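Spelled out, the chains give:
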Amino acid sequence: MKVTFLGTGTSQGIPVIGSNHPVCLSKDPRDKRLRVSVLIEWNGFSCVIDCGPDFRYQMLRAKCKRVDVILFTHEHSDHVLGLDDIRPFYFKQGDIPLYAHKRVLKSLKKRFDYITKTKHKYPGAPSVILNRIKNKPFKLHTIHVMPIEGLHGDLQVFGYRFNDFAYLTDMKSVSDEEIDKLKGVKVLVVNALRKEAHHSHFTLEEALSFIDIVKPKTAYLTHISHVLGFHNEVEKILPEHVFLAYDELEITI
Ligand SMILES: [Zn+2]
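Residues numbered from 1 in each chain as written. Predicted model: local features only at pLDDT ≥ 70, side-chain atom pairs only at ≥ 80, totals over all residues.

1. Here's the deal with the overall build of the protein chain
Logical step 1: Helices and strands together make up the secondary structure of the protein chain, namely nine helices and 14 strands.
Logical step 2: Over its C-alpha trace the protein chain gives a radius of gyration of 17 Å, about what one expects of a compact globule, namely 18 Å for 253 residues.
Logical step 3: Structurally, the protein chain occupies a C-alpha span of about 55 × 45 × 35 Å along its principal axes.
Logical step 4: Within the span of the protein chain, comprising 253 residues, buried residues form 42% of the whole. (Helix = DSSP H or I, 4+ residues; strand = E, 2+ residues; numbered from the N terminus. Rg over C-alpha atoms; globule rule 2.2 N^0.38 Å. Buried ≥ 20, exposed ≤ 12 C-beta atoms within 10 Å, placed from the backbone.)

2. Some details on the nonpolar core
Logical step 1: Counting residues in each nonpolar core, the largest one holds 62 residues, and the members touching the most others are Tyr-160, Ala-166, Val-190 and Leu-221.
Logical step 2: Those residues in contact with Ala-166 that sit more than four places away from it in its chain are Ile-148, Gly-159, Tyr-160, Arg-161, Leu-182, Val-185, Leu-188 and Val-189. (Core = buried A, V, L, I, M, F, W, Y, C linked by C-beta atoms within 7 Å. Contact = placed C-beta atoms within 7 Å.)

3. What about the sheet that holds strand β4 (residues 69-71)?
Logical step 1: Within the open sheet, the seven strands sit side by side as β6-β5-β4-β3-β2-β1-β14. Their pairing is mixed. With partners counted over all chains shown, the strands left at the sheet margins are β6 (128-132) and β14 (250-252), one partner each. On average, adjacent strands in this sheet sit at an angle of 20 degrees to one another, irrespective of strand direction.
Logical step 2: The pairing of strand β1 (residues 2-7) with β14 spans three bridges and is classified as antiparallel. The residue of β14 that forms the bridge with Lys-2 is Thr-252. (Pairing = 2+ DSSP bridges. Axes fitted to C-alpha atoms, helices over the stretch in contact; angles between N-to-C directions.)

4. Quick look at helix α8 (residues 204-214)
Logical step 1: Turning to α8, its buried residues are Leu-204, Ala-207, Phe-210 and Ile-211. Along the long axis of α8, the arc covered by the buried residues comes to 125 degrees, so they all point the same way. Among the exposed residues of α8, those pointing more than 90 degrees away from its buried face are Glu-205, Ser-209, Asp-212 and Ile-213.
Logical step 2: Each element contacted by the buried residues of α8 is listed here: β11 (187-191), β12 (218-222) and β13 (242-244).
Logical step 3: At the exit of α8 stands Lys-215, carrying a positive phi of roughly 55 degrees. (Arc of directions from axis to C-beta.)

5. Some remarks on the sheet that holds β13
Logical step 1: If you trace the seven strands from one edge of the open sheet to the other, you get β7-β8-β9-β10-β11-β12-β13, paired in mixed fashion. Across the chains shown, the open sheet's two edge strands, defined by having one partner strand only, are β7 (138-140) and β13. Sheet twist, expressed as the mean angle between neighbouring strand axes with direction ignored, is 25 degrees.
Logical step 2: Against the sheet, α8 makes contact with β11, β12 and β13, and its axis sits at roughly 155 degrees relative to β11, the strand it touches most.

6. Some thoughts on the pairing of β11
Logical step 1: For β11, a buried count of four out of five residues is recorded, marking the element as mostly surrounded by other parts of the structure.
Logical step 2: Taken together, the three bridges between strand β10 (residues 165-167) and β11 define a ladder with parallel strand orientation. Its bridge partner being in β11, Phe-165 is matched across the sheet by Val-187.
Logical step 3: Where β11 lies against β12, five bridges are found, and the strand directions are parallel. Note that in β12 the partner of Val-189 across the bridge is Tyr-220.
Logical step 4: Where the polypeptide runs from β11 across α8 and back to β12, its parallel neighbour, the crossover connection is right-handed. (Right-handed = clockwise from strand over helix to strand, strands pointing away.)

7. Details of unusual backbone geometry
Glycine aside, residues mostly have negative phi, and peptide bonds are mostly found in the trans state.
Logical step 1: In the segment running from Ile-14 into Pro-15, the intervening peptide bond is cis, with an omega of 0 degrees.
Logical step 2: If you check the backbone angles, Lys-63 has positive phi at about 50 degrees while not being a glycine.
Logical step 3: Inspection of the secondary structure puts Lys-63 in the loop between α2 (55-61) and β4.

8. What to know about helix α5 (residues 102-111)
Logical step 1: Inspection of α5 places Val-104, Leu-105 and Leu-108 among the buried residues, and these make up the whole buried set. Around the axis of α5, the buried residues are gathered within 100 degrees of arc, so they sit on the same side. Across from the buried face of α5, at angles greater than 90 degrees, the exposed residues are Lys-102 and Lys-110.

9. Description of the environment of Val-36
Logical step 1: By the secondary structure assignment, Val-36 is in the loop between α1 (22-25) and β2 (37-42).
Logical step 2: For Val-36, a count of 30 C-beta atoms within 10 Å translates into the label buried.
Logical step 3: Contacts of Val-36, omitting those with residues within four sequence positions, involve Gly-7, Thr-8, Gly-9, Asp-50, Gly-52, Asp-78, Thr-169, Thr-222 and His-223.

10. A word on the UniProt feature "domain: Metallo-beta-lactamase" (unreviewed entry) in the protein chain
Logical step 1: Under the local residue numbering, the UniProt record ascribes the feature "domain: Metallo-beta-lactamase" (unreviewed entry) to residues 48-224.
Logical step 2: Secondary structure over residues 48-224 splits into 27% helix and 28% strand, and the C-alpha atoms at its two ends are 19 Å apart. (UniProt positions renumbered as here; feature names shortened; annotations may be inferred.)

11. Points about the pairing of strand β3 (residues 45-49)
Logical step 1: Pairing geometry for β2 and β3, over five bridges, is antiparallel. Bridged to Glu-41 within β3 is Ser-46.
Logical step 2: In sequence, β2 turns back onto β3 through a hairpin of two residues, with Asn-43 there showing a positive phi of about 45 degrees.

So this is what it looks like as C-alpha cells:
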C-alpha cells in the first residue's frame, strides 16, 4: 500500500494569503502546505480521503491518473470544496463513488446539488454515486475499511483504518471504544494543529498523548497550522517514531 500526502495544512493552507509570518515566508518546501488530503493506493486501486479546494492542483502534482473512490471525513470547506474538479476523472471513468456519513452526504447534496442530482443535469456536470457510511467496516476493493469515529469540537468526524494504516484528521477527542479499533496499527496519521489550545483540534501535545495510547510503530502529524513553527525545528522536538508529514511525502506500508 502506498500513501501520498496530497496536503498537510490546516484550513487556510500555508502560506496564508497576505501573511508575513516567518513560516509563511519560509523557503523550505516542507513549510508549504495545501489543504489536508491523502491518496491511498493498493492493488491498482486508488482512494482519496477528502477533496478540498486544492484538489485539482494536488491531482496534477501527484500525477494522479485515476480516482476510484473518495472518502470524506466531514463536511467542512477545507475537506469538500474541490468536488467540481472530479470532472476529468468522471469523463474518463464515469460516476465517481463517494463515501461519507449521512450528514455529510446531505451537506454535499445541498452544496453541490448540480453534481448530486440525477435529473435535468447541466451537460458536463460530473456525476457521483453516494454511499452512506455507518460506523462499521465496509469493503473497498480488497480491503475492509474500518471507520474510526471522533469529535471535531461538537461535530462527528470519521477517520479510517486500512489494515496496518490509519488516517485521522480534525479530531479533538476519540472515545476508548474507538481507540480500541486502532490496536495493532503500524502507521498512524493524526492531526496536530499547533501548540496552543484549540476547541476542535488536537494540539501537538494532545496528538502526542494520543499516539502514546495507540502505540503505532510510526506516526505522522498532519492538518498543521503555520503557527506550529518551521518543519525543520518542530521535527527536532518530536519522539523518534513521530514525524511531521509534509506535502508530497510518500510512504509504503
Ligand atoms: Zn479541516
